[in-house]
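Secondary and tertiary structure notes
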Amino acid sequence: MENLGLIFAPLFSYKLLIVLFFGTIFGLILGVLPGLGPTTGGALILPFTMTLDPLSAIVLLTAIYCAGTYGGAITAILINTPGTPAAAATCLDGYPLAQKGEAGRALGMATVSSVIGGIASVVVLIFFAPLLANLAYEFGQPEYFALAIFGLTMLASIGEGSPIKNLIAGAFGILISTVGKDFMTSIDRFTFGINELTEGIGFIPVVVGLFAISEMLTQSTLINQIFNRVALKAVKLPSIDDYKKTWKTIIRSSGIGSFIGVLPAEGGTVASLIGYAEAKRWSKKPEDFGKGSIEGIAGAEAANNAATGGAMVPTLALGIPGSATTAVILTGLIIHGVRPGPDLFREQPDFLYGIFGSMLIANILFFVLGFFGAKIFARITLVPNKLLWPMIFAVSVCGTYSLNQSIIDVWLMLLFGVIGFFMRRYGFSVVPVIIGLILGELVEGTLRQSLVIFDGNWLMFLQRPIALTFFVLSLIALSFPLIKRKKNDKV
Amino acid sequence: MNDVHKEKGTNKSLSLFFKSSFIVSAVIIVISSILLYFTFTFDIVPPILNRGIQPATFPKALLILIIALTLLTYFISLKNPWKNEKKLPNSFYITLISFVVFIIVSKFLDFFLGIALLSIIVSYFWGERRVTYLIMVSIIFPLIVFVFFETILGLRFPPGIITNLYYG
């Protein structure tokens, strides 16, 4: 806690403020454009961050994360298409309210609840991340293995779509991480005689492929789609009456979002759906939901932005990403030579608290930019896909090539783009692949090292209380969808 | 009459093979099986050099898990069928072909030319007919990206007929 003062350090660094400003603008643009978003945008911008120092690079990525999550609401309200998956629940009431001629009011509520949710989650991050990091000092290899398994099972059970398909996707992600030289024995695995594969498959080709290129293929199937855009005069701050109606919803959703964010899952998307459902459940007028309820907008937006800070907790404290975007941020940390985990809290508090402070400032910045600039950002949606996606392709190709200057990375990006397209088409989420890829080395490494410690005795895992707790939690997580289904069947 | 019933039954069982759940599951299982076969070709490390499990064990376990879960998904789909996907439009196949064109051109001719060709194909077949915009998307924008990466990030692009002109 003695480091709390460091939170304000970014305010006194003009360089960080410039990075924050551009990161927020870039995040808003990415959030507004359907199909892009902070994950794809973060992955595309990663190569550029190599020109920055580590703190500026991560500040840029976190600003994109915060602003991008909010930016999705602008498109959700004005054209009934969520700019990001996390804004899907915002469409339900945002667009109907906009159609009634109250687009400004809807955007105002989305902006205010996003900022409150975002700031609340940063407070959670500031207080909870160091506690979790302290707990992680107790972790050995078996505990980290059990934790990684818990993360993957949580992703499967509370992520979007079928839990079994999520598990398949997660296992596929881990399998990708096994390509290349085995880190313990230097034996080649799945390299098929290709020299470039001995170093393994990089994170960037997979992320850019699964998100940007697969989205390009998805857009190619939607070229005749017509958007009905609602006119926006100006964003209006919520009235006192609106605040009275929504303050409880905003607080509840901020709590829900922060909690869901901490769990390794699809962060904002799940948080906004739960935040919306809970807002409806507690509302005095649930019948208004889906017809332009201001509470519906507040519930969804406070929750999805609250998930941003929450998702950073396991990312920074344990090195386990809480969402797809934090997986990109985690990669950013690693390529800049920063190893997340408890040691980071002890050795580089200025770095960490710089990130916390930047996230707070990013929330305030997107409030100002969103409030005064929503009309301009909304215009970005007018850029036709036939011009936008070829340009994104050019950036994707150059960005992917740039990290290792490897043409194989570009081929892999295209391959994963096609795989990602068909995965999404048949109901497999691509997010577990990313998390699996990130956690793969940790899962395999800790498993093998644990077995060395245990002299090959698997039962020894059960004699470690923390590991056993995570395994039990994993079993509960796996059985959760079954219980839910049985409950639904009974109903 | 019985024959008609039989024929209908045959058609029903045949149609099972054309369902997306069957095709997707089959593709995953076939690919996983091929990869599983490859894991048996990995070198085996003598116990003196390797404490714990062999390098092939972990990928083997993952592949078996993927196959088992895919079978489970398929059997669940028999009870709860997947939703029917719409047929893919021509624009999708053209975009896919443009990827192949990009790979061939960038491999044998020029990386930058590959990007320009893909951009013009995609933009044109997605509906852009204005020449100025086509030039902007296929030449001017990739050129900006190229120069940006080259100067700011100090990136050296692979040699090719156009890139060589730039590098002299």
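Residues numbered from 1 in each chain as written. Chains lettered and ligands numbered in written order. Predicted model: local features only at pLDDT ≥ 70, side-chain atom pairs only at ≥ 80, totals over all residues.

What about the overall build of chain B?
Looking only at helices and strands, chain B has seven helices and zero strands in total. Starting at the N terminus, the α and β elements of chain B follow one another as α-α-α-α-α-α-α. Per-residue burial over chain B gives 24% buried out of 168 residues. Partitioning the intrachain contacts of chain B with sequence separation of at least 6 by distance along the chain shows that 56% fall at a separation of at least 24. (Helix = DSSP H or I, 4+ residues; strand = E, 2+ residues; numbered from the N terminus. Buried ≥ 20, exposed ≤ 12 C-beta atoms within 10 Å, placed from the backbone. Contact = placed C-beta atoms within 7 Å.)

Examining the overall build of chain A
Helix and strand counts for chain A come out as 17 helices and two strands. Computed over the C-alpha atoms, the radius of gyration of chain A is 22 Å, within 12% of the 23 Å expected from 2.2 N^0.38 for a compact globule of 491 residues. Seen along its three principal axes, the alpha-carbon backbone of chain A occupies a region of about 70 × 55 × 45 Å. Counting all 491 residues of chain A, 62% fall into the buried class. Expressed as a percentage of contacts within chain A between residues at least 6 apart in sequence, the contacts between residues at least 24 apart total 79%. (Rg over C-alpha atoms; globule rule 2.2 N^0.38 Å.)

Let's talk about the nonpolar core
All names here are of chain A. Core analysis: the biggest nonpolar cluster contains 192 residues, and Ile77, Ala148, Val207, Phe356 and Ile434 have the highest contact counts within it. It is helix H4 (residues 88-136) that contributes the most residues to this core, 24 residues altogether. Beyond its immediate sequence surroundings of up to four residues, Ile434 is in contact with Gly173, Val206, Val207, Leu210, Ala324 and Ala327. (Core = buried A, V, L, I, M, F, W, Y, C linked by C-beta atoms within 7 Å.)

Observations regarding the environment of Ile29 of chain A
Residues and elements named next belong to chain A. By secondary structure assignment, the location of Ile29 is in helix H1 (residues 14-32). Residue Ile29 is classed as buried on the basis of its 20 C-beta neighbours within 10 Å. Not counting the four nearest positions on each side in its chain, Ile29 is found in contact with Phe377 and Ile380.

Details of helix H10 (residues 294-318) of chain A
Residue and element names in this part refer to chain A. Look at H10: 37 Å from first C-alpha to last across 25 residues, which is about the 36 Å you get at 1.5 Å a residue. The sharpest bend along H10 comes to roughly 25°, located at Thr308. Along H10, 25 of the 25 residues are buried, which leaves the element largely enclosed by surrounding structure. Immediately downstream of H10, the backbone of Gly319 shows phi near 75°, a positive value. (Expected span 1.5 Å × (residues − 1). Bend = angle between axes of the 7 residues up to and from the residue.)

Comments concerning the environment of Ser186 of chain A
Checked against the element boundaries, Ser186 of chain A lands in the loop between strand E1 (180-181) and strand E2 (188-189). Here Ser186 of chain A falls in the exposed class, since 11 other C-beta atoms lie within 10 Å of it.

Describing the interface of chain B and chain A
Each partner contributes residues to the interface: chain B has 50 residues there, and chain A has 46 residues. Elements supplying a minimum of two residues to the side of chain B that touches chain A: helix H2 (20-39), helix H3 (57-79), helix H4 (90-108), helix H5 (111-125) and helix H6 (131-152) of chain B. Here the side of chain B that touches chain A gets nine residues from one element, more than from any other, and that element is H3 of chain B. Across the side of chain B that touches chain A, the residue classes tally to 35 nonpolar, 10 polar and five charged. (Nonpolar A, V, L, I, M, F, W, Y, C, P; charged D, E, K, R; others polar.)

What to know about H6 of chain B
Residue and element names in this part refer to chain B. Look at H6: 30 Å from first C-alpha to last across 22 residues, which is about the 32 Å you get at 1.5 Å a residue. Along H6, the largest kink reaches about 35° and is centred on Val137. Two residues or fewer past H6, Gly154 is found with a positive phi of approximately 65°.

Looking at the packing of helix H14 (residues 385-404) of chain A against H6 of chain B
Packing of H14 of chain A against H6 of chain B brings their axes to within 10 Å, and their N-to-C directions diverge by 25°. The angle between H14 of chain A and H6 of chain B falls in the class roughly parallel. The way H14 of chain A lies across H6 of chain B gives a crossing that is right-handed. Residues Leu387, Pro390, Met391, Ala394, Val395, Cys398 and Ser402 of chain A of H14 of chain A form the contact with H6 of chain B, whose own contacting residues are Tyr133, Val137, Phe141, Pro142, Val145 and Phe149 of chain B. (Axes fitted to C-alpha atoms, helices over the stretch in contact; angles between N-to-C directions. Parallel < 35°, antiparallel > 145°, perpendicular 65-115°, else oblique. Left-handed = near helix turned anticlockwise from the far one by under 90°.)

Focus: the environment of Gly268 of chain A
Secondary-structure assignment places Gly268 of chain A in helix H9 (residues 267-282). In contact with Gly268 of chain A, other than residues within four places in its own chain, are Thr69, Ala86, Asn304, Ala307, Thr308 and Ser323 of chain A.

Some points on the packing of helix H3 (residues 54-79) of chain A against helix H11 (residues 324-335) of chain A
Residue and element names in this part refer to chain A. Viewed as axis vectors pointing N to C, H3 and H11 meet at an angle of 175°, and their least axial separation amounts to 10 Å. Accordingly, the angle class assigned to the pair H3 and H11 is roughly antiparallel. Where H3 abuts H11, its residues Ala57, Ile58, Leu61, Thr62 and Tyr65 lie against Thr325, Val328, Ile329, Gly332 and Leu333. Here the residues of the contact of H3 with H11 are counted per class, giving seven nonpolar, three polar and no charged.

Thoughts on the confidence of the model for chain A
Within chain A, residue pLDDT values average 86, and 95% of them lie at 70 or more. Looking across chain A, the model is least confident in helix H17 (residues 465-490) of chain A, with a mean pLDDT of 79, and most confident in helix H15 (residues 407-425) of chain A, with 93. (pLDDT = per-residue confidence, 0-100.)

Examining the confidence of the model for chain B
Residues and elements named next belong to chain B. Scored by pLDDT, chain B has a mean of 85; 87% of the residues are at 70 or more. When pLDDT is averaged over each element of chain B, H2 comes out on top at 94 and helix H1 (residues 2-16) at the bottom at 49. Taken together, the stretch residues 1-10 has pLDDT below 50 and engages in zero contacts with residues farther than four places along the chain or on a different chain. Reported confidence for the predicted complex is 0.88 by ipTM and 0.86 by pTM.

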